[in-house]
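Structural overview for review
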Amino acid sequence: MPELTLVDGSGVLRDLPAKLTWQVIVCTVIAACGGLMFGYDIGISGGVTGMDMFLEKFFPEVYVKKHQAKANNYCKFNSQLLQLFTSSLYLAAIVACFIGSICCKKRGRKPTMQIASVFFLVGAILNAAALNIGMLIAGRLCLGAGIGFGNQAVPLFISEIAPARYRGGLNLCFQLLITIGILTANVINYATSKLHPYGWRISLGGAACPALLLLLGSLMIVETPTSLIERGKDEEGLYTLKKIRGVDNVDKEYEEISQAVEFSRQIRHPFKNLWKQSGRPQLVCGALIQIFQQFTGISVVMLYAPVLFQTMGLGENASLMSAIMTNTVKPIGTAFAIVVVDRFGRRALLIEAAIQMFISLGAIGVILAVHLHSTNVVAKHYAVLVIVLVCVFLAAFAWSWGPLGWLIPSEIFPIETRSAGFSVAVIMNFVFTFLVAQTFLTMLCHMRAGTFFLYCAMLAVMCLFAKYFLPETKGIPIDEMVERVWKQHWFWKRYYKDHDNGKGGLEIQDEPKENTIA
């Protein structure tokens, strides 16, 4: 039986026995189907916006510009309405993520995932049956609500159910299924692009499949022990903890969770307490890593890859096939991350990948600046080189800022602000994904190749952030992060000078006072 050998705050060794049980593996895979939903939508939206039959029905002005011989290469797809089709999903996700945080705490992680699947299912049906742009956007808003609830609940669920030793790899299953969802969507887009005039309906309606997988699968999984104890179901929480750990000796871990939960119950306003001095390090790092994930330029590549390839002169089918090729590397990269993240740690992967993405995006920018002008077609060998560079970029993202952008915020917050803190981090992701999705085509039209150099500058900043300000969380039990990570960090430890005064800088519910007679 493998055991997790840990060191407590006093430096005394102790053991938390735990096996990697089939119960944990099955629960992780089913929960990670939330990532399959998210990935499928990312891949599908990018593909259908490049289909002529879709553009002709909903965005006729873009369809006309696309086929004008003298139209500016960088501005063919510049349409606020087309960008709204892609980005409206993230508006709904922002609101849903906040509500999902409350639902996670009050109702549990499992019911929140079920709500996510229902919203996503309704959105898929609306999009597949869309008769006008209003119906299309309504469907996107429902999909966004599903993604908001799902992305709030799934990473928390996996982080809380996984043994500390395997937490990183198991949590990355969420990102792995995102990449598989994207690849699946690209393959479906390529197949349906030839089915005129309703191929796009099949593509958009296919989102119902991962939603059904999560909805039906969630009926089979257990709730996390932390969530059960948090909602007063102590005996059920202890039983579930023994079940998922595969051992009976879980007293130490159960006591640790119970103490953390007891403290969290005294917190009056979790969202307000995030801004207290002792909560600021996790809030800043959690939010920044989600924001930086979008400033890698990934949304540009994922949401608009077929559009980018068509801008360079590749035809519709060639662009969709190129998107399939480039997105094949993402599941491979994420699988690599699952293997190495708990061995090499989070920071090493983030730093290496930032450098790799900087080089690949910079090279793409140079090729576009030199060879793609307003109305010409790029030589085929340069187009192929761009595809190769996109693969290099996606591989780096897939083993670093992609999966770790979700893993790190899900494991760094203490239980009293965990759901609220992760909610804020995810909301930041959706806000900046919306901004990127809503502005990229306009930026491409006005800044041209300079758009890619802008993201290169951000990657340089991200590399410095990971090196100097992001602490390593590899192998640290989720409820010991404050003592063993944040209080030991050269910069963030200053925020804990007053942490041991009994309240830790947090607003704690006052004990009820006894009535006294004057």
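For the structure given in this document, a descriptive report is provided here. (Residues numbered from 1 in each chain as written. Predicted model: local features only at pLDDT ≥ 70, side-chain atom pairs only at ≥ 80, totals over all residues. Heavy atoms only, no water.)

**Considerations on the overall build of the protein chain**
Check the secondary structure of the protein chain and you find 23 helices and 2 strands. A separation of at least 24 residues holds for 80% of the contacts in the protein chain among residues at least 6 apart in sequence. Surface exposure of the protein chain reaches about 19600 Å², of which carbon and sulfur atoms provide 65%. (Helix = DSSP H or I, 4+ residues; strand = E, 2+ residues; numbered from the N terminus. Contact = heavy atoms within 4.5 Å. Areas by Shrake-Rupley, 256 points an atom, 1.4 Å probe, with all protein chains shown as cover.)

**Structural notes on helix α5 (residues 80–106)**
Its 27 residues give α5 an end-to-end C-alpha distance of 38 Å, which sits within 8% of 39 Å, the value for a rise of 1.5 Å per residue. Most pronounced at Thr 86, the bend in α5 amounts to some 45 degrees. Gly 108 occupies a position one or two residues after α5 and carries a positive phi of about 115 degrees. (Expected span 1.5 Å × (residues − 1). Bend = angle between axes of the 7 residues up to and from the residue.)

**What to know about the packing of aromatic side chains**
How two aromatic rings sit relative to each other is given by the distance of their centres and the angle of their planes. One pass over the full model with this rule turns up 22 aromatic pairs. Ring centres of Phe 119 and Phe 149 lie 5.8 Å apart, and the angle between their planes is 15 degrees; this geometry places the pair in the stacked category. In this pair, Phe 119 is assigned in helix α6 (residues 109–128) and Phe 149 in helix α7 (residues 133–161), connecting sequence segments 30 residues apart. In textbook terms, an aromatic cluster arises when at least three aromatic residues are bridged by ring pairs, as seen for Phe 469, Trp 486, Trp 490, Phe 491, Trp 492 and Tyr 495. The ring of Phe 58 has Lys 57 sitting right over it, with the charged end atom 5.7 Å from the ring centre. Sitting over the face of the ring of Phe 85, Arg 140 holds its NZ or CZ atom 4.7 Å from the ring centroid. (Phe/Tyr/Trp six-rings, centres within 6.5 Å; stacked < 30°, edge-to-face > 60°. Lys NZ or Arg CZ within 6 Å of the ring centre and 35° of its normal.)

**Side note on the environment of Ser 88**
By the element assignment, Ser 88 lies in helix α5. With relative accessibility at 2%, the residue Ser 88 sits in the buried group. Note: C-alpha distance between Ser 88 and Gly 144 (56 residues apart in sequence) is 7.6 Å. Setting aside chain neighbours within four positions, we find Ser 88 in contact with Ile 137, Arg 140 and Leu 141. Here the side chain of Ser 88 touches Phe 85 through a polar contact of 3.5 Å, landing on its backbone oxygen. (Buried < 20%, exposed > 50% of the residue type's maximum accessible area, 1.4 Å probe, protein only. Polar contact = N/O pair within 3.5 Å; in protein donor to acceptor, adjacent residues only side chain to side chain.)

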